[in-house]
Amino acid sequence: MAKATTARSAGLGTLLRKLHKPTYRVPPRESDENALERLLALVLQGEDPYSVARQAVKVLRRSYAHWNEVRVARRFEVRDALALRRVPQSEERALKAQEFLRRVFGLQNHLDLDWLYDATSERREKLLASLTVAPEHAAPVLDLDAALSEGADRLPPVSTDLKRSLARLSLTPSSPKDGQVLDLIAPHLKGEKLYPNYLALQMHARLICESKHPRCRQCPVLEGCPHGKRALGSEGYRVALEEMSAAARKAGAGEDSAARGSGKGGAKGGGKGRARSSSSAQRA
Ligand code: SF4
């Protein structure tokens, strides 16, 4: 690998570590997980690891013959089914599950969402926007699911958002071709890193490094971003870095004191599996 390519890849690795969030640790779809169940898990995830949400979905799947039954069940029955299997926040998750199922049914008069994996990214986004209850990272998760359902090593098409943010960070030329972006990111999207790193890149590109008004002052990778430095000016850049560093120190102190108060450690995310194309639509 040429020196410049190695340096860019190392730069991307550093950037990814700064962009990570625990909620991005989403594993691939399981072989019997259909689109409705995948999206329901993302809705139920909240700030918890995905594994907790997947457990909630599996409990409901085992407790009811059909997702329509969950939709129309009494709230306390759904809550009790979750609580019996020790799913945390069973009341809140019962409410969210039924709200989600009712919205899906309200939009299309049935609960089969497997068409999402054959649709364009724009159509998926449209449905997610109509549902209003899906988290922001649901869109890139579904994009990745859809690409993988077409082939084990497929990646979604490179988005203009991603091209823009990587170019601003000088990790690619100013108007990169898809191949140049893929050469850069593909080594960081292997195995268990696939979903977390892909989500981190996409979420940053979509929500922080916006096209017209990039939020450089809140950007976790401002330090070392030539475009951000130019946009803020040297004084603005210095002040923004100081503010972010003070905010990080404050947040770190808050977390330490909360951990001491509760006596609890961090939660683990993860899970393994392989994405595949078909799903058990009859449950929807
Ligand atoms: S500092 Fe600004 S331009 Fe640079 S990556 Fe962050 S949001 Fe984008």
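Fair warning: this is a prediction, and the values are worked out from it, not measured in the lab. (Residues numbered from 1 in each chain as written. Predicted model: local features only at pLDDT ≥ 70, side-chain atom pairs only at ≥ 80, totals over all residues.)

With that out of the way, let us pick up the overall build of the protein chain. Each helix and strand in the protein chain was counted, giving 12 helices and zero strands. Each helix (α) and strand (β) of the protein chain, taken in turn from the N terminus, gives the series α-α-α-α-α-α-α-α-α-α-α-α. Of all 284 residues assigned to the protein chain, the portion counted as buried reaches 33%. Contacts in the protein chain between residues at least 24 apart in sequence constitute 65% of all its contacts with a sequence separation of at least 6. (Helix = DSSP H or I, 4+ residues; strand = E, 2+ residues; numbered from the N terminus. Buried ≥ 20, exposed ≤ 12 C-beta atoms within 10 Å, placed from the backbone. Contact = placed C-beta atoms within 7 Å.)

Here we take up the environment of Lys193. Checked against the element boundaries, Lys193 lands in the loop between α10 (178-185) and α11 (194-208). For the pair Lys193 and Val26, spaced 167 residues apart in sequence, the C-alpha separation works out to 9.4 Å.

Near the ligand there are 14 residues, and of these Cys209, Cys216, Cys219, Cys225 and Gly228 occur at the shortest range. For the shell around the ligand, the secondary structure elements donating two or more residues are α9 (160-168) and α12 (226-262). Looking at the shell around the ligand, its residues break down into nine nonpolar, three polar and two charged. (Near = placed C-beta within 6 Å. Nonpolar A, V, L, I, M, F, W, Y, C, P; charged D, E, K, R; others polar.)

With that settled, the discussion passes to helix α2 (residues 35-45). Of all 11 residues that make up α2, 11 are buried, and the element is covered over most of its length. Taken together, the buried positions of α2 are occupied by Ala35, Leu36, Glu37, Arg38, Leu39, Leu40, Ala41, Leu42, Val43, Leu44 and Gln45. On its buried face, α2 sits against α3 (50-63), α4 (67-72), α6 (90-108) and α8 (138-149). Downstream of α2 by one or two residues, Gly46 has phi in the positive range, about 55 degrees.

Summary statistics for the protein chain give a mean pLDDT of 89 and a share of 90% for residues scoring 70 or more. Every residue in residues 264-284 is under pLDDT 50, and counting partners more than four places away or in other chains gives 50 contacts. (pLDDT = per-residue confidence, 0-100.)

Moving on, we come to the nonpolar core. One finds Leu36, Leu39, Leu40, Leu44, Ala56, Ala97 and Val141 to be the most contacted residues of the largest nonpolar core, which totals 60 residues. Counting residues per element, this core draws most heavily on α2, which supplies eight residues. Here this core gathers at least three residues from each of two domains, domain 1 (3-212 + 279-283) and domain 2 (216-260). The residues contacting Ala97, other than those within four sequence positions of it, are Leu40, Leu44, Leu60, Val70 and Val78. (Core = buried A, V, L, I, M, F, W, Y, C linked by C-beta atoms within 7 Å. Domains from an automatic or database assignment.)

Counting along an α-helix, one turn takes 3.6 residues, and residues three or four places apart therefore face a common direction. Here helix α5 (residues 75-84) has its buried residues at Val78, Arg79, Ala81 and Leu82. Along the axis of α5, the buried positions cluster into a sector of 160 degrees, meaning they face one direction only. For α5, exposure combined with an orientation more than 90 degrees from the buried face picks out Phe76 and Leu84. On its buried side, α5 packs onto α3, α4 and α6. Positive phi shows up at Arg86, right after α5, with a value of about 60 degrees. (Arc of directions from axis to C-beta.)

Attention now moves to the packing of α2 against α6. Packed helices, taken two at a time, are described by the angle between their axes plus the distance between the axes. One way to put it is that α2 packs onto α6 with a least axis distance of 10 Å and a crossing angle of 135 degrees. The angle between α2 and α6 places the two elements in the oblique class. Crossing of α2 against α6: the hand is right-handed. Contacts between α2 and α6 pair Leu36, Leu40, Val43 and Leu44 from the former with Arg93, Lys96, Ala97, Phe100 and Val104 from the latter. (Axes fitted to C-alpha atoms, helices over the stretch in contact; angles between N-to-C directions. Parallel < 35°, antiparallel > 145°, perpendicular 65-115°, else oblique. Left-handed = near helix turned anticlockwise from the far one by under 90°.)

Along the chain, the position of Val52 falls in helix α3. Along the backbone, Val52 and Pro88 are 36 residues apart, and their C-alpha atoms lie at a distance of 7.8 Å.

Looking now at the environment of Lys163. Mapped onto the secondary structure, Lys163 falls in helix α9. For Lys163, a count of 20 C-beta atoms within 10 Å puts it in the buried group. Distance from Lys163 to Asp178, taken between C-alpha atoms, is 8.0 Å for residues 15 residues apart in sequence. Leave out the neighbours within four places in its chain, and Lys163 touches Val158, Pro176 and Val181.

What follows is about the packing of helix α7 (residues 121-131) against α8. Orientation of α7 relative to α8, taken along the N-to-C sense of each, is 140 degrees, at an axis distance of 10 Å. For the element pair α7 and α8, the recorded crossing hand is right-handed. In this structure, α7 uses Ser121, Arg124, Glu125 and Leu128 to contact α8, whose residues at the interface are Ala138, Ala139, Leu142 and Asp143. Across the contact of α7 with α8, the residue classes tally to four nonpolar, one polar and three charged.

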